[in-house]
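# Reading the structure
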Amino acid sequence: DYDAPLAQVLEDAELANVLGVAIDQLFQGRQIATKLSEAGLEVTPFPQTFQAYGGPMKTFERLWRAKKVHHGGHPVLRWMADNTNVATNHQGLLKPVKPGPHSPRKIDGITALCMAIDQRDRADPEDDGTSRYETEGVRSV
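These numbers come from a predicted model, not from an experiment. Throughout, a residue's number is its position along its own chain's written sequence, starting from 1. Only residues with pLDDT of at least 70 get local features here, since the model is predicted, and only at 80 or more are side-chain atom pairs given and counted; chain-wide, interface and lining totals rely on the full set of residues. With hydrogens and water stripped out, all remaining heavy atoms of the structure feed into the side-chain values.

### So, the side chain of Thr44
One can find Thr44 in strand E2 (residues 42-45). Given the relative accessible area of 13%, Thr44 is considered buried. Here a helix means four or more residues in a row that DSSP labels H or I, a strand means two or more in a row labelled E, and each is numbered from the N terminus. Under the scheme applied here, a residue whose accessible area is under 20% of the maximum for its type counts as buried, over 50% as exposed, and between as partly exposed, the area being computed with a 1.4 Å probe on protein chains only.

### Considerations on the packing of helix H4 (residues 75-83) against helix H5 (residues 108-123)
Axis definition: a line fitted to C-alpha atoms, limited for helices to the stretch in contact. Angles are taken between N-to-C directions and run from 0 to 180 degrees. For the pair H4 and H5, the least separation of the axes is 7 Å and the interaxial angle reads 90°. What the angle tells us is that H4 and H5 run roughly perpendicular. The segment H4 lies against H5, with Leu77, Met80 and Ala81 engaging Asp108, Gly109 and Ile110. Amino acids are sorted into nonpolar (Ala, Val, Leu, Ile, Met, Phe, Trp, Tyr, Cys and Pro), charged (Asp, Glu, Lys and Arg) and polar (every other residue, Gly among them). Of the residues assigned to the contact of H4 with H5, the class counts are 4 nonpolar, 1 polar and 1 charged. Orientation is classified from the angle alone, with under 35 degrees giving roughly parallel, over 145 giving roughly antiparallel, 65 to 115 giving roughly perpendicular, and any other angle giving oblique. When checking whether two residues touch, look at their non-hydrogen atoms; a contact exists if any pair is within 4.5 Å.

### Topic: the packing of helix H3 (residues 50-65) against H5
Helix packing geometry: the angle between the two helix axes and the distance between the axes. Two elements in contact, H3 and H5, have axes whose closest approach is 9 Å; the angle formed by their N-to-C orientations is 100°. Relative to H5, the element H3 is oriented roughly perpendicular. Two secondary-structure elements touch here, H3 through Tyr53, Pro56, Met57, Thr59, Phe60 and Leu63 and H5 through Thr111, Leu113, Cys114, Met115, Ile117, Asp118, Arg120 and Asp121. In terms of residue class, the contact of H3 with H5 is made up of 9 nonpolar, 2 polar and 3 charged.

So this is what it looks like as structure tokens:
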């Protein structure tokens, strides 16, 4: 049932003022991409390849090492992070992968995070992930 997740994405996009969505267009992805686009969201194809993940994985690794990636102790995200392995190709590009080709252990939350990093980098290539609160502090009136 793809209608329920699609409705949830559209609802969340409206609440969070989402401007764009990255999507793997394999299988039902192309149909979902069309519906998201018709609803007014900018849809960017994101193939599950080393080339597509190269930049976002580098950014993810930098943020991880700087301890700027937090999942708030969410048990499902923790489980997915524990399930995630990293593959490297001959060019040194990284890509998140499951522990085995037929593993039932999910990593979707981690791949979604990398796809979101790619969207953020496309929207603002100069953004290094630093919060304005870190550089400007908190102001109150």
